[in-house]
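Descriptive analysis of the structure
The lines below spell out each chain.
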Amino acid sequence: MNSKSETDEASRGSEASSSNNQPTPSNPKDHSVPVLCADTSTGKSKDVMKRAAAKQLIERYFYQLLDGCGNPNCDNRFCASSGEARNLTPNEAAAEAIKLFYTEARLCDTLPNKVPRTEAVINSVCATTPCATGTTRNIVTKDGDRIDYPSCSTSRFMDKFKPDSSQQEDCKNVRHNNGAPLTEERIYELCDECLETKKPQVLTRALGEAFTQPAILARCFQRKLREGDNGNGGEKIDKKSNAMCSSSDPDKDVDSVAGPGLDVASCRRAFQYLANVPSDYYSSALVTALTNLAENLMVELQMPHSISMDDAVNCFVIAFEVPDLSCSEYLETALPLLCIATEHLTVKAQAKLARVWAQHCKDSLRHILETLQQLITLRVISTNYVRHFQVQDDTTVTMATKTMKIVYYANMLAGVMESNTMREEPVVIASQLDPLGDALDHLYPLSSMKNLKHTPYEDPLAIELDINVLDARKPFLPFEEFYNEPLSDTIEMDIDLANCKTEIDEIGNKFSFLKYPFILTAATKSLGLYYENRIRMYSERRVSLLHAVVGAAPPMPFLRLKVRRSHIIDDALVELEMIAMERALDLKKQLVVEFEGEQGIDEGGVSKEFFQLVVEQIFNPDYGMFTQRQDEVTVWFNPTSFETEAQFTLIGIVLGLAIYNNIILAVNFPMVVYRKLMGKKGSFEDLADWNSTLYNGLKDMLEYTENDLEETYYQTFRICYTDVFGNNLFHDLKENGDDVFVTQENKREFVDLYADFLLNKSVETQFKAFRRGFVMVTDESQLGTLFRPEEVETLVCGSKNFDFNELEKSTEYDGGYTSESQTIKDFWSIVHSLSLEDKRKLLQFTTGSDRVPVGGLSHLKLVIARNGPDCARLPTAHTCFNVLLLPEYENKEKLEDRLMKAISYSKGFGII
């Protein structure tokens, strides 16, 4: 060693000795976090001295672990010279040095002959290792949130590989991987050796060394560098690349040597072979390695130019390809930290990860999704959430949800996607002027919904991927598999909606599951939409009150419709047209319906009956606005209707009002209508439920591969269709279509033009007017961002699952009845024996609608109340409150007779 090194070494030794002369805290916890991570710019000399002393001690532990004290008879188990400590990488030694510093572990007398590390290294150590003491560790998320996790640091990583006394002799001969990336062939060798010798030390050490460091893991399972490589011995890694991966200098630029790319298939085969080894041999060690990997990734992703995007993506792909680990620590510690690390990826990196999963990891998507769902479910059911700690504050759940979003988009990309150019023209609704309301808003900020108006939330990852759920014709996994029912049932939707609408400057938005709607069931999202609409309704009432306070003519606080039963369509459409022309904002008020000549206050039941009567008449084929498909149960727009556009606009308003007022309608639109309402034009695949016969015929044409297609089908680009009167109409799909025959070359063009005409162009006028009326009511709601077209159909028409066992479980009793009352037992016995049609009548009688609410009958809160002793009266109902008034009949036969008469002959509001 030269003289300069000796001088530096002596100087360091004297500084360390002087630091040891200072008083030492008796409790290791007294070494607070700011001692290591304090800001030296504070100017406080005391903190600077403590930092310098800590630095010197950590350096001594660091070199002692790496190089030892030089004493061949050393018996310090924390010294490399003793032979008891395993070989550590510099980063592992740095983390362990801090651990030893906190516990005041033993230091050897003789210092190793090494030059001190620079200040940058110590700062890197301080940043790399979580600053926490005891058995927990504090992790900082990308948004600045902190979460404590059970300690699983490098010290525990050492314990996983440390042999017991009976195996120490064998472990002295354990071969090290020396930081070399793993290959498929290497995994085969290690697994075979482990199965043969029944000793997992070599396997666990190789996995641990590869999975701990991102720079090494990113280069595992690489594609062959050149064709013809027989694969013996794994990848052909040159000396420069190997040296870069195993370099002891943490400041080396690991991105300067780029690998040939990750071979996902090779990685999957290697892990499948690893599954042949008993999981208890390697699972615990691999979990610990994954935990350290996540920590290192979090640090490197926050440091510029520390790790490339490709390397980070490779690490996550490999980490999530790991097979099932029968270790609870994986779900408790490793997977949550991996999810936090995933959140630190840039949007571009997350998009690349989604594309890699979609292109190369289709078979793993279900495993990744199920693992994340298991993590969320276990966390939700095992945590007692309270008002000041909601599920939105649980970092484990929120970070797993953010990771699931990447899987969600990968799932769509891995399925069947349509062109994103087939969009309906946006509907522009002129802003409604309310000068007095705007003036009052400055005085009373809560006087309107202005504070809650935001542009629809657009996910940055969806924008980067240029993807929309409307374009996902058939995802790789069904969308329903992303629902998490325990989470959906736990969420307090009022709080989640407030988080969704609240923005916090500099810190970012509060977490809201409404921005991740794929994980929520339709019933939970409909509750969020219900709260949002109710807030708007209450806001309009407040505006009316403030108008009265300042002496202005107060507008009506409700959307009040007064109609005659005999002229319900004419009266309703005339009033709605007047409201839409004068002040369309009134459409967003709470609907109140009054039937002329009838007494009753509309608490919901009258509105249900109003919509039922309107739908029955307006969708009647005799009315001429809609047609009934001959071979289908759906209705469609009449392209030759004599009604004006204004009439279709008002029908759209009716549909929007039903959603806005949480009322289910008995309409039977094909799915393409809801897709078009959400902004996606109809295409060939939409013909499947619009006209299945036509769809199958056109599909057969597409699948026909013989050269005689022209002679077989004899079809030109002129099509024939019939109107409601049975007249044949002709249309040329292209100019001079009757002269152009369909061939193998142009059959796809013919099918697309045919579908476009039937679903879009032929009803363009009627549908645009219909959609405009719908948007007039729903333009400010989150309907489009929360719900897929299939969910919108459920929102409009209700569920199709008539499970009356669920209704029995959710029913409440009043007036002296209980679930054990004989009359109640007889009632449910009768109900379960009814036909589906009679069950619909019972729902109509008790709730005012024969439709099942979103989420099933378990979400229908029916109340059965005792209405006196045995008598000749029939059962009655308060449809506004879903209350069935049931006398206590003397026997089951009488109960059945009275109940069937009540549900079969009732009509109107409160009239038997």
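Overview of the structure. Here the residue numbering is sequential within each chain, running from 1 through the sequence in written order. Side-chain atom pairs in this predicted model are given and counted only at pLDDT of 80 or more, local residue features only at pLDDT of at least 70, and totals for whole chains, interfaces and linings cover all residues. Each side-chain value is derived from all of the structure's non-hydrogen atoms; neither hydrogens nor water enter the calculation.

1. Section: the overall build of the protein
- Secondary structure elements follow DSSP: runs of H or I of four or more residues count as helices, runs of E of two or more count as strands, with numbering from the N terminus. Along the protein, the regular secondary structure elements total 38 helices and 14 strands.
- The cut-offs for exposure are 20% and 50% of the maximum accessible area for each residue type, with area from a 1.4 Å probe on protein chains only; residues under the lower value are buried, those over the upper are exposed, and the others partly exposed. Scored against the burial criterion, the 912 residues of the protein give a buried share of 51%.
- We get accessible surface area from the Shrake-Rupley algorithm with a probe of 1.4 Å; when it comes to residues, only the shown protein chains can shield them. Working note: accessible area of the protein is about 43000 Å², and carbon and sulfur atoms make up 49% of it.

2. Points about the environment of Thr627
- Mapping Thr627 onto the fold places it in strand S7 (residues 626-628).
- Take Thr627: its relative accessible area is 18%, and that puts it in the buried class.
- The sequence separation of Thr627 and Ser641 amounts to 14 residues, and the corresponding C-alpha distance is 9.5 Å.

3. With respect to the sheet that holds strand S13 (residues 876-878)
- Here, any two strands with at least 2 DSSP bridges between them count as paired. A sheet is described by the order of its strands in space; here four strands give the open sequence S11-S12-S14-S13, paired in mixed fashion. A single partner strand is all that each edge strand has here, and the edge strands are strand S11 (812-814) and S13. In this sheet, adjacent strand axes meet at a mean angle of 25 degrees when their direction is disregarded.
- Taken together, the four bridges between strand S12 (residues 863-866) and strand S14 (residues 883-886) define a ladder with parallel strand orientation. For Ala865, the partnering residue across the bridge sits in S14 and is Leu885.
- Whether two residues touch is decided by their heavy atoms; if any such pair falls within 4.5 Å, the residues are in contact. Only the contacting stretch of a helix is used when fitting its axis, a line to C-alpha atoms as for every element, and angles between N-to-C directions run 0 to 180 degrees. Against the sheet, helix H37 (residues 836-847) contacts S13 and S14, and its axis sits at roughly 60 degrees relative to S13.

4. What about the nonpolar core?
- We call a set of buried Ala, Val, Leu, Ile, Met, Phe, Trp, Tyr and Cys residues a nonpolar core when their side-chain atoms join them within 4.5 Å. Phe211 and Trp357 are the most contacted members of the largest nonpolar core, which totals 187 residues.
- With 11 residues, helix H18 (residues 395-414) is the single largest residue contributor to this core.
- Ignoring any residue separated from it by four or fewer positions in sequence, one finds Phe211 in contact with Leu182, Leu217, Phe271, Leu286, Ala289, Leu290, Leu293, Ile318 and Val322.
- Counting 24 residues, the second-largest nonpolar core is a separate cluster that includes Leu842, Ile864, Leu895 and Ala902.

5. Let's talk about the pattern of salt bridges
- Whenever Lys or Arg places a side-chain nitrogen within 4 Å of a carboxyl oxygen from Asp or Glu, that contact is recorded as a salt bridge. Going through the model one piece at a time under the given rule, you end up with 40 salt bridges.
- Between Arg379 and Asp394 there is a salt bridge, with the nearest N and O atoms lying 2.7 Å from each other. Pair noted here: Arg379 is in helix H17 (residues 362-382) and Asp394 is in the loop between H17 and H18, with a separation of 15 residues, a long-range link.
- Exposure remark for Asp394: the relative accessible area of 1% places this residue in the buried category.
- Put simply, Arg565 and Glu609 hold a salt bridge, and the shortest N to O gap is 2.9 Å.

6. A few points about the pairing of S14
- What you see with S14 is no split at all: Val883 and Leu885 on one side and Leu884 and Leu886 on the other are buried throughout.
- Where S13 meets S14, three bridges bridge the pair, whose relative direction is antiparallel. Across the sheet, Thr876 pairs through a bridge with Leu885, a residue of S14.
- In textbook terms, the turn of a hairpin is the stretch between consecutive antiparallel strands, and for S13 and S14 this stretch comprises four residues, one of which, Asn882, has a positive phi near 55 degrees.

7. A closer look at the pairing of strand S5 (residues 559-563)
- Residues Leu559, Leu561 and Val563 line the buried face of S5, whereas the alternating positions Arg560 and Lys562 sit on a face that is not buried.
- Classification remark: right-handed applies to a crossover when, strands pointing away from the viewer, the course from the first strand over the helix to the second runs clockwise. Crossover connection from S5 via helix H24 (residues 568-582) to parallel strand S6 (residues 591-595): handedness right-handed.

8. Considerations on a negative patch on the surface
- Taken together, the side chains of Glu706, Asp708, Glu710 and Glu711 define an acidic patch exposed on the protein surface.
- Of the residues examined, Glu711 reaches a relative accessible area of 57% and is grouped as exposed. Without a salt bridge and with relative accessible area above 30%, a residue can belong to a patch; like charges are then joined within 9 Å and nonpolar side chains (Val, Leu, Ile, Met, Phe, Trp, Tyr) within 5 Å. Charge counting treats Lys and Arg as positive and Asp and Glu as negative, with His and both chain ends excluded. Charge positions come from single atoms, namely NZ of Lys, CZ of Arg, CG of Asp or CD of Glu.

9. Regarding the environment of Leu353
- Summarising the element assignment, Leu353 is placed in helix H16 (residues 347-360).
- Residue classification places Leu353 among the buried positions, given a relative accessible area of 0%.
- Discounting chain neighbours no more than four positions away, the residues touching Leu353 are Val313, Phe316, Val317, Thr342, Leu345 and Ile406.

10. A word on the side chain of Asn484
- Its place among the elements puts Asn484 in the loop between strand S4 (472-474) and helix H21 (485-490).
- A distance of 2.8 Å separates the side chain of Asn484 from the side chain of Gln373, its partner in a polar contact.
- Those residues within four positions of Asn484 in sequence are excluded, and the remaining contacts are Gln373, Ile376, Thr377 and Ile519. Nitrogen and oxygen atoms within 3.5 Å of one another constitute a polar contact, given that in protein one can donate a hydrogen and the other can accept it, and given that sequence-neighbouring residues count only through two side-chain atoms.

11. Some remarks on the packing of aromatic side chains
- For Phe, Tyr and Trp, rings pair up if their centres lie within 6.5 Å, where Trp contributes its six-membered ring, and each pair is then called stacked (planes under 30 degrees apart), edge-to-face (over 60) or tilted (otherwise). Enumeration over the complete set of coordinates arrives at 36 aromatic pairs.
- Both rings, one in Tyr385 and one in Phe389, keep their centres 5.8 Å apart while their planes meet at 25 degrees; by these two values the pair is stacked.
- Relative to Phe648, the ring of Phe626 has its centre 6.0 Å away and its plane inclined at 65 degrees; by these criteria the two rings are edge-to-face. Separated by 22 residues along the polypeptide, Phe626 in strand S7 and Phe648 in helix H26 (residues 645-660) bring together distant segments of the chain.
- The exposure class assigned to Phe626 is buried, which follows from its relative accessible area of 1%.
- The criterion is that NZ of a Lys, or CZ of an Arg, lies within 6 Å of the ring centre and within 35 degrees of the ring normal, and then a charge sits over that ring. Sitting above the plane of the Phe767 ring, Lys676 keeps its charged end 4.5 Å from the centroid.

12. Observations concerning helix H4 (residues 90-103)
- Helix span, expected: 1.5 Å multiplied by one less than the number of residues in the helix. Here H4 is 14 residues long and its end C-alpha atoms lie 20 Å apart, about the 20 Å a rise of 1.5 Å per residue gives.
- Most of H4 sits out of view: 11 of its 14 residues are buried.
- After H4 finishes, the residue Glu104 shows a positive phi value of roughly 55 degrees.

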